[in-house]
Amino acid sequence: MKGIVRITAAALLCATLFTGCGGMENKNSAVGFHMDTVIMLTGYCDEALLTEAIALCGRYEKLLSRTVEGSDVWKINHAGGDPVKISADTAKVLSLALDVCEKSGGALDITIAPAVDLWDFKGEEPALPRDEDIAAAMEKVDYTKVILEGDTVTIPKGMEIDLGAVAKGYIADMAAEFLKENGVQSAALNFGGNVIALGSKPDGSPWNIGIQDPDSQTGESIAVVEVKDRSVVTSGVYQRGFDMDGIRYHHILDTDTGWPVQNGVSSVIIIAEGSARADALSTACFAMGRDGLDFAREMGAEAVIVFSDGSIECTKGAKELLVDG
């Protein structure tokens, strides 16, 4: 495919940042836990600002989390088919998500929640759902039935939405926006698989985000992505899942079948200006496989796809950002 470069190396993106800026007196960090993710913010600013940004993440989580009782998403899912008024933030996230759902042809589908509920990817004794249960759940999956009109959302009774493929990215964007509004020009925001490089390092050089061997248990890096004012978001089979009879069952479900996507992809890395859009694209592109490279470019992003055979394919722009580790 034009503009796509093939690399033969076993690698995937990890959320390890190599700041390389030791000795800067105003460098501070803050750590929090939201959206089932450890959040680490490192910035050249007062620590209080980073702490406030962490607290801001908690407030957005209470709007967008499917599992927090009283959140906008919880209200939508428990409305029994009635219209629900939502916040401007939730409407913005929902609109973005539905846009990617439509443009990806349903590779991303935010109504996959009933199928997700059948899988326990963290259990000590994982088991496969019954075929009949998955079939019943998939009858409730259809993003085209989500009606968003301004600040009002309506979904059919029995259907549920899950904004997990977008919410973390949006919250990361809001944290970055808060820091910028308060004069922060240099920071790295690490939300697990979502990383935002705010500006550059104080010396003007880019932030470096590590790429590691997918089989490594110790996070060994073989290369890095150099970015300024960009988000780098990863979706991968290693993040949540279990192995059974030689098959990896992971949390990225095929929106046609309700089973984990099995297309030879191990990890997808999206590089884009906004973390929310990159978040949505990483899931959609994972499901689309090689076609996800073209889709990412069409959506104004760069992409790296890591395959289970150890090879990598990436867009031309993404290759230009890769350097040796």
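Read on for an overview of the structure. (Residues numbered from 1 in each chain as written. Predicted model: local features only at pLDDT ≥ 70, side-chain atom pairs only at ≥ 80, totals over all residues. Heavy atoms only, no water.)

Structural notes on the pairing of strand β14 (residues 247-250)
What counts here: We call two strands paired when DSSP finds no fewer than two bridges between them. We count a stretch as a helix when DSSP gives it H or I for four or more residues in a row; a strand needs E for two or more, and each element gets its number in order from the N terminus.
Sheet topology places strand β13 (residues 241-244) next to β14; four bridges connect them, and they run antiparallel. Residue pairing for β14: Asp 243 is matched across the bridge by Arg 248. What sits between the antiparallel neighbours β13 and β14 is a turn of two residues, in which Asp 245 has the positive phi angle 50°.

Notes on the pattern of salt bridges
Filter applied, for reference: We define a salt bridge as a side-chain nitrogen of Lys or Arg found within 4 Å of a carboxyl oxygen belonging to Asp or Glu. Accessible area is worked out with a 1.4 Å probe on protein chains only. A residue is then buried under 20% of its type maximum, exposed over 50%, and partly exposed in between.
Tallied over the full model, the rule gives 13 salt bridges. Between Glu 160 and Arg 66 there is a salt bridge; the shortest N-O distance is 3.0 Å. Here Glu 160 is found in the loop between β7 (152-154) and α6 (167-181), whereas its partner Arg 66 is found in the loop between α1 (47-64) and α2 (72-77), with 94 residues between them in sequence. Its salt-bridge partner being Asp 133, residue Arg 130 comes within 2.9 Å of it at the nearest N-O pair. The exposure class of Asp 133 is partly exposed, given its relative accessible area of 27%. It is possible to trace a salt-bridge network through shared partners that takes in Arg 66, Asp 117, Glu 160 and Asp 162.

Details of helix α5 (residues 131-138)
Under the convention used in this document: When we speak of the arc, we mean the arc of directions from the helix axis to the C-beta atoms. Any two residues whose heavy atoms approach within 4.5 Å are treated as being in contact.
Within the span of α5, buried status applies to Ile 134, Ala 137 and Met 138. End-on, the buried residues of α5 take up no more than an arc of 95°, which puts them together on one face. At its buried positions, α5 is contacted by α4 (113-116).

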